[in-house]
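A closer look at the structure
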Amino acid sequence: MAIIDEKQCVAELVAKAREAQALFAQYSQEQVDEVVIASAWALINPENNARLAKLAVEETGLGNVEDKITKNHRKTLGLLRDLRGVKTVGIIKDDKGDGITEIGRAVGVVGAIVPSTNPIATPMNNILNSLKCGNAIILAPSPKGQPSCTRLIELIHEELNRVGAPLGLVQQLPAPVSKSLTHELLQQVDLIIATGSQNNIRSAYSSGTPAFGVGAGNVTVIVDESANLVDAAEKIKASKTFDNATSCSSENSIIIIDAVYDEMIAELKKVNGELLTNDEKEKLRDNMWLNGNLNRHILAKPVDEVCNVSGLDRSELKRSDFLMVTETDVGASAPFSGEKMSLVLAVYRAADFDEAKKIADRILSYQGKGHSLGIHTTIPERTQQLGHEMPVCRVIVNQAHCFATGGSFDNALPFSLSMGCGTWGGNITDQNVHYRQYLNVTRVVRTIEPRTVSVDDIFGDYKEKYLT
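Each chain has its residues counted from 1, following the order in which its sequence is written. Only residues with pLDDT of at least 70 get local features here, since the model is predicted, and only at 80 or more are side-chain atom pairs given and counted; chain-wide, interface and lining totals rely on the full set of residues. Side-chain numbers here rest on the full set of heavy atoms in the structure, without hydrogens or water.

1. Describing the overall build of the protein chain
Helix and strand content of the protein chain: 17 helices and 17 strands. Atoms considered for the radius of gyration are the C-alpha atoms alone. The globule rule reads 2.2 Å times the number of residues to the power 0.38. Its C-alpha radius of gyration of 24 Å places the protein chain within 12% of the 23 Å reference for a compact globule of 468 residues. Overall, the protein chain is about 75 × 65 × 40 Å in size when its C-alpha atoms are taken along their principal axes. Per-residue accessibility, obtained with a 1.4 Å probe over protein chains only, is compared with the maximum for each type, and a residue is labelled buried under 20%, exposed over 50%, and partly exposed between these values. Within the protein chain, buried positions represent 54% of all 468 residues. Residues count as neighbours in contact if any of their non-hydrogen atoms are within 4.5 Å of one another. Across the protein chain, every contact between residues at least 6 apart in sequence was considered, and the portion connecting residues at least 24 apart equals 71%. Note on areas: Shrake-Rupley, 1.4 Å probe, and residue coverage restricted to the protein chains presented here. Within the structure as shown, the protein chain displays about 20,400 Å² of accessible surface, and the carbon and sulfur contribution to it stands at 51%. Where the 48 positive side-chain charges of the protein chain centre and where its 58 negative ones centre are 3 Å apart. Every helix listed is a DSSP run of H or I at least four residues long, and every strand listed is a run of E at least two residues long, numbered separately from the N terminus. The charged-residue count follows a simple rule in which Lys and Arg add positive charge and Asp and Glu add negative charge, with His and chain termini not counted at all. The atoms used to mark charge sites are NZ of Lys, CZ of Arg, CG of Asp and CD of Glu.

Following this line, the structure appears as structure tokens:
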């Protein structure tokens, strides 16, 4: 009976979304853009942002209010910058030389899985990308994040009413959200955008519906002997501590070249990082993972709470902004080498750059393959080496990693909270998921002057080299 009820519940949401999307399909580009701006104002409005950020932290227990306010504002404003002036309605490109006219077409109804780590910023990103491309969207929030997501949608509906747009364009699953209800949504929509746990991603991929998913993050950053260590330490601290490390793009480990190891550790201490002793490291490890799972009382919690849960009573640790543990091994027997989503940073020591690359490759092969890698250096050739050799879709150079990976005002990556990891991470895309993934394109193809070739045009050099 429950299965029938869930099918009916989702079917009603989808029917409402399709009705709204059919009306939306008649909008001009200017009208669509107005709907996007109206929806975004629901969060850009400072009063709304502050209330939603506070609600998100209270409900999920993850992150901190001030950083969530910053994240909600920055990610939304950055995405609006990316979307401004982009054509998604009608003719979006007309190439006279190729004889091809491209026409933007909506995919229909989008289903988006939303993680508890970003219960406001991620759905807003999904919503704006979806609306920009003429779609309706139904969100599947995490149970913990559902109330704040509900409030966000209420605020968006107020703005949709203001501009006369149908409310069915933006909906969410009703409480209580369950895995089976979410799975049913995945069966009935036209496109899935899945962000969060790898279980969510696998569920999306196995649904039979076209899906864009993201890979696991486990960011490592190399600090080489040429780096500006003061700058590197400040950026690593800013990235690691932002929103209590809820981002999958926060540094989980750093690899320091031996020649500057002691100096870099000293700089990290100056920005209020604290290095644990071996005994403290063991105590933290024993409390940080329970039955192989990260302790929820440590996940994205302030350092003093991490210390209290782990029985770490040294005052320097409790007063620090992030904790550091030295590590030499990689893999299941060395859990600090994996993704931690906490204010704990694993520190590796490498003899030289070649060894640093080997350590980074081992870490990525264990966890985080395809996502991203960072480096602090003044040697351009090394950044290119990483791009050619490491199994990642992004190499972030001399930047605070969690701000840079998802797009920044000082780099050209699209603003996004969903980073595709390519085939390395089991994903269909290697891009930051953005509006283009929400859009179908119809191509009208006309004849052009023939571009013929002969066999000799293609095989001439080969025949001369091998067949004469």
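2. Focus on the pairing of strand β4 (residues 136-140)
Of all the five residues making up β4, five are buried; the element is thus mostly covered by neighbouring parts of the structure. Neither face of β4 is open: one carries Ala-136, Ile-138 and Ala-140, the other Ile-137 and Leu-139, and all of them are buried. Strands pair, by our definition, only if DSSP identifies at least two bridges between them. Taken together, the five bridges between strand β3 (residues 109-113) and β4 define a ladder with parallel strand orientation. What sits directly across from Ala-112, in β4, is Leu-139. Clockwise travel from the first strand over the helix to the second, with the strands pointing away from the viewer, marks a crossover as right-handed. The parallel pair β3 and β4, bridged by helix α5 (residues 121-132), forms a crossover whose chirality is right-handed.

3. Comments concerning the pattern of salt bridges
Side chains that differ in charge, positive against negative, can pair when their charged atoms come close. The term salt bridge refers to a side-chain nitrogen of Lys or Arg lying within 4 Å of a carboxyl oxygen of Asp or Glu. As enumerated under the stated definition, the model contains 27 salt bridges in all. Put simply, Asp-190 and Arg-18 hold a salt bridge, and the shortest N to O gap is 2.8 Å. Taken together, the residues span a long stretch of sequence, with Asp-190 in the loop between α7 (179-188) and β6 (191-194) and Arg-18 in helix α1 (residues 2-24) at a distance of 172 residues. Asp-190 gets classed as partly exposed once you look at its relative accessible area, which sits at 28%. A cluster of three or more residues bridged by salt bridges with shared partners is formed by Lys-68, Lys-71 and Asp-243.

4. Quick notes on the sheet that holds strand β1 (residues 90-95)
Strand order in the open sheet formed by three strands is β1-β2-β17, with antiparallel pairing between adjacent strands. Looking along the sheet, the strands with just one partner apiece sit at the ends: β1 and β17 (439-445). On average, adjacent strands in this sheet sit at an angle of 25 degrees to one another, irrespective of strand direction. Across five bridges, β1 lies against strand β2 (residues 100-106) in antiparallel orientation. Note on β2: the bridge partner recorded for Ile-91 is Ile-103. As a rule, the C-alpha atoms of each element are fitted with a line to give its axis, helices using only the stretch in contact, and angles between N-to-C directions run from 0 to 180 degrees.

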